[in-house]
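# A closer look at the structure
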Amino acid sequence: MTELNGIIPHFFSTLLMTVRDVVPIAVIIFGFQLVVLRRPVTNWPRVALGFIYVVVGLSFFLLGLELALFPLGESMAAQLTAMDFLFDSGEGIPDVIPWTQYYWVYIFAAAIGFSTTIAEPSLIAVAIKANQVSGDTISVNGLRIAVAIGVAVGIGLGSYRIVAGDPLHYYILAGYCVVVVQTYFAPKMIVPLAYDSGGVTTSTVTVPIVTALGLGLASTVPGRNPMLDGFGLIAFASLFPMITVMAYAQLSARQAKRREGNAI
């Protein structure tokens, strides 16, 4: 009961902050609708109810992140990097722990990156719109899975970077070189969507969990600084979906050409 009494004020505080953040968006939208376009808003009750749903839903979501997902991400990183987990009780702990010893960290990071991306509301919205605009050429699930694979690879590689202590810019420069080359060879229709797919991953679900993982990992791996090494995972989560979406489009185009050749 005491814990519930503490959560209720916290929820109302989060609700007020969410209202404060959403009000400017509503003012801009309704301002342009009424002042610039000079058109009435159709179905006012439905629009107002939708805004209420958004505010209340975001408040519950932010509260859940703070109470559950943030602590879980940090505790998982701490447990996966604990010495009693990495080494058996009878096994000696070396002075320098090799990066291969943290393989469960990479697996967990890739799995959490894939699952959070699949659940990302912004990605679902973009995938549905892309499917509608392309006339079902772009599959909703195909795009979501391609982006999720990219995030999984990116978060896994970013976790390795934290463990190894390598400079961040080496990975980012190499990744964008691949993106530039792919941009030239990939189907032109998919390139803008691939670039947007990198951005939609940095949204409400993925960012908090990935940030908690990176900070928890940098706090528990010996010799790492949370400020210097804990951040940067979001850059990986934004970069690698562009690569996998364009690769997905290139593979789809090749398969289509093969089917056409076999039909002839």
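The structure under discussion appears in the preceding block.
Remember, predicted model here, so these are calculated numbers, not experimental data.

This brings us to the packing of helix H6 (residues 140–164) against helix H9 (residues 206–220). Packing of H6 against H9 leaves a shortest axis separation of 10 Å and a crossing angle of 20°. By the angle between their axes, H6 is roughly parallel relative to H9. Crossing of H6 against H9: the hand is right-handed. Across from Ile155, Ser159 and Ile162 in H6, the residues of H9 making contact are Val210, Leu213, Gly214, Leu217 and Ala218.

Our next topic: the nonpolar core. Inside soluble globular proteins, nonpolar side chains tend to come together where they are buried. Core analysis: the largest hydrophobic core is formed by 47 residues, its most contacted members being Tyr102, Leu143, Ile155, Ile190, Val245 and Met246. Sorting the residues of this core by element identifies helix H2 (44–80), helix H4 (103–118), helix H5 (121–133), H6, helix H7 (168–185), helix H8 (191–200), H9 and helix H11 (233–263) as the ones contributing at least two each. Residue contributions to this core peak at ten residues, all from H11. If near-sequence neighbours (up to four positions away) are discounted, Tyr102 is found in contact with Thr81, Met83, Leu86, Ile97, Val163, Val221 and Pro222.

Right, let's get into the side chain of Ser238. With respect to the secondary-structure elements, Ser238 resides in helix H11. When its relative accessible area of 17% is taken as the criterion, Ser238 is described as buried. Every residue in contact with Ser238, bar those within four places of it in the chain, is listed here: Gly198, Thr201 and Thr202.

Cut-offs applied
Residues numbered from 1 in each chain as written. Predicted model: local features only at pLDDT ≥ 70, side-chain atom pairs only at ≥ 80, totals over all residues. Heavy atoms only, no water. Axes fitted to C-alpha atoms, helices over the stretch in contact; angles between N-to-C directions. Helix = DSSP H or I, 4+ residues; strand = E, 2+ residues; numbered from the N terminus. Parallel < 35°, antiparallel > 145°, perpendicular 65-115°, else oblique. Left-handed = near helix turned anticlockwise from the far one by under 90°. Contact = heavy atoms within 4.5 Å. Core = buried A, V, L, I, M, F, W, Y, C linked by side-chain atoms within 4.5 Å. Buried < 20%, exposed > 50% of the residue type's maximum accessible area, 1.4 Å probe, protein only.

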